[in-house]
Amino acid sequence: MSSNKKYQSSGAYQNLYEESIRNPKGFWARQAELIDWHKPFDKVLDDSRPPFAAWYVGGETNLCYNAVDRHLAERADQAALIYVSTEVDQERTYTFRELHREVQIAAAMLQKLGVKKGDRVLIYMPMIPQAAFAMLACARIGAIHSVVFGGFASHSLASRIDDAKPTVIVSADAGSRAGKVVAYKPLLDEAIERASHKPAKVLMVNRGLSAFQSVAGRDEDYASLHVQLKDAQVPVTWLKSTDISYILYTSGTTGKPKGVQRDVGGYAVALAASMKHVFLGEAGKNFFATSDIGWVVGHSYIVYGPLMAGMGTVFYEGVPIRPDAGIWWKIVQDHQVSVMFSAPTAVRVLKKQDQSLLRKYNLSSLKALFLAGEPLDETTAQWISDALQKPIIDNYWQTETGWPILCVQRGIEDMDPKFGSPGVPVFGFNVNVLDETTAQPCKVNEKGVVAIEGPLPPGCMQTVWGDDERFVKTYWSSFKPRQVYSTFDWGIRDEDGYFFILGRTDDVINVAGHRLGTREIEESISSHPAVAEVAVVGVADQLKGQVAMAFAILKTSDVMESPEKAKALEADIMKVVDSQLGAVARPARVHFVNVLPKTRSGKLLRRSIQAICEGRDPGDMTTIEDPAALEQIKSAVVH
Ligand code: ATP
Ligand code: MG
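On a predicted model such as this, the values are computed, not experimentally measured, just so you know. (Residues numbered from 1 in each chain as written. Chains lettered and ligands numbered in written order. Predicted model: local features only at pLDDT ≥ 70, side-chain atom pairs only at ≥ 80, totals over all residues. Heavy atoms only, no water.)

(A) View of the packing of aromatic side chains. Counted by the stated rule, this structure contains 35 aromatic pairs. Ring centres 4.8 Å apart and planes at 70° place the aromatic pair phenylalanine 279 and phenylalanine 370 in the edge-to-face group. Highlighted residues: phenylalanine 279 in the loop between α10 (265-277) and β16 (286-289) and phenylalanine 370 in strand β19 (residues 368-372), separated in sequence by 91 residues. A relative accessible area of 0% means that phenylalanine 370 is categorised as buried. Counting every residue linked through ring pairs, the aromatic cluster contains Phe27, Trp28, Trp37, Phe41, Trp55, Tyr56, Trp403, Phe427 and Phe429. A cation over an aromatic ring shows up here: arginine 49 above the ring of phenylalanine 52, its NZ or CZ 4.5 Å from the ring centre. Sitting above the plane of the tyrosine 249 ring, arginine 160 keeps its charged end 5.4 Å from the centroid. (Phe/Tyr/Trp six-rings, centres within 6.5 Å; stacked < 30°, edge-to-face > 60°. Helix = DSSP H or I, 4+ residues; strand = E, 2+ residues; numbered from the N terminus. Buried < 20%, exposed > 50% of the residue type's maximum accessible area, 1.4 Å probe, protein only. Lys NZ or Arg CZ within 6 Å of the ring centre and 35° of its normal.)

Shown next as structure tokens:
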């Protein structure tokens, strides 16, 4: 695959895309045929109250029915959920028939504990099958799930309990990460203690990893109820297309997480359409997304999307490099995975390992590796492409949208990706690069804000849970009076129509009047052979307004032991930036660190790095992976 091939269209993509923008109602009526409806809709779209959009009004359907029940006729004995844990050394495959049984049992448990349609169920679970059963069980009976990443600190969990006000919480004794047991129950108990809202019941899966105290009258045991309800029949509750399926909080990279609320019918259609046209889904084959159910990728492409497409989904509990960096590729080989989905952050972890570990396995079943979640720099894309010899397909989206905004859509046409770019607009998304002040479309290669003309296509957020005003104010007020949704990402569109994401709008650096995306500088520094990973932030400077400051992780740490060598490497890196972007982009300093502060979903917390550099409080840290990373930044800045 050539990295910078100009895209030559046969016209198939262009035609489909243009139709989706010109005639959204016709386009989406056709896509709606990809799912099963209990009652057909009367109206494809009601956008009489912008920016709110109601899709498939009058229609009735169910996510669980589409993910599970509808496959029973044709593929009851096919793999549906393939649980692989390198943490507890277990593997278990559930067929669609078995999944159907498990989901009904879980649904019966929730009903027994008092859960009714519209009630919230908070799921605070490790990557074990019962987590998927619980999600699908909620969908089956019309309960609204709110999955909170397992192992989140108790104060993060408490704030989500107070926001979602769940009737029941489903949890487990513990998770395990890189072989270390993380006890969840004490975190959960403390969170419930802190929260003002109290759930009526807590349903506990006991994995036998960490002994815990049960609260009498509140805590119930999953295994005991499972025995009691093993033959339970729980029919599907048909839901309005516009009913709420779930609430999910954004990653919290830029501040307080927002509770994204999703519908039923629009989401089902969007996922089905994306599985077909974007993710090369094929019924009967297996899909492997390495994310976690705590994130949007886990909702859309571990649980609902692949199952709806009649695919087996690999449900992986573990890290990418244990027992070694070959583990994911072994899974691809052993389970004949046809499509894989991961994140650049994981590939950067692999990059520090030996490429041969990736090459050891037979990957002939694999069609492509999709990557999303943060910028995929060209060097990293090239590295993984060389290692796997498979198409590497970047895609760009947000928790808010639920499915990709930008991606080459090989299900429609065999387009080549360009490394460094997450591709072209996905059907349904009227994406533009707009000038921040004039709200006019930018010219080719001119920087602006990536924005989507309303109404948003099916599958996107309906509102912020419980706060319509916040939804309107946060996302729709940047380009008033026009109904335009801001992604808060900064980007350009090139002469071939490919987009490039240059960083978050609040990450833009203004050096002596030049506006630079942090991403551009990071991309340049990443191209230095010694660098494994880097974060660049803008720091207030009396003279220049702002200067760029870089924090880099090196592939090998020996340089860091000698101050002279470190100094020389720093100068060398600056030279690379000078030659690629010009001296104006040169960072004031390149600090070397062992770890960078990230959210649990693997995104760089640039705002906290910036705050530390400017001597401010790092702000909302509820979703940080490793607080010790901030200490490294602090001491680097002092020295
Ligand atoms: P919060 O909104 O709470 O600050 P967040 O934006 O990190 O958190 P997510 O919805 O998980 O929460 O992430 C979406 C963001 O991730 C995008 O707006 C973009 O900044 C970044 N992103 C996702 N995919 C890509 C990609 N392929 N290339 C570049 N950036 C990406
Ligand atoms: Mg965001």
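That was the structure; now back to the text.
(B) View of the sheet that holds strand β23 (residues 463-464). Strand order across the open sheet formed by eight strands is β12-β11-β8-β6-β7-β14-β15-β23, with mixed pairing between neighbours. At either end of the open sheet lies a strand with only one pairing partner, and these are β12 (219-221) and β23. Looking at chain direction, strand β6 (residues 120-124) and strand β8 (residues 168-172) are connected through four bridges and run parallel. Residue leucine 122 lies in a different strand from β8, and its bridge partner there is isoleucine 169. This element, helix α7 (residues 154-164), spans β6, β7 (144-147), β8 and β14 (244-249) of the sheet and lies at about 165° to β6. (Pairing = 2+ DSSP bridges. Contact = heavy atoms within 4.5 Å. Axes fitted to C-alpha atoms, helices over the stretch in contact; angles between N-to-C directions.)

(C) The arrangement of unusual backbone geometry in detail. Look at the link from arginine 322 to proline 323: it is a cis peptide, with omega at 0°. With respect to the helices, strands and loops of the structure, proline 323 is situated in the loop between β17 (312-317) and α12 (327-334). The omega torsion of the bond from glycine 454 to proline 455 falls at -5°, within 30 degrees of zero and hence cis. In this fold, proline 455 is placed in the loop between β22 (448-453) and β23. One non-glycine residue, lysine 165, lies in positive phi territory at about 50°. Locating lysine 165 in the fold gives a position in the loop between α7 and β8. A relative accessible area of 42% places lysine 165 in the partly exposed class. Although it is not a glycine, alanine 512 adopts a positive phi angle of roughly 45°. As for its position among the elements, alanine 512 is in the loop between β26 (509-511) and β27 (514-516).

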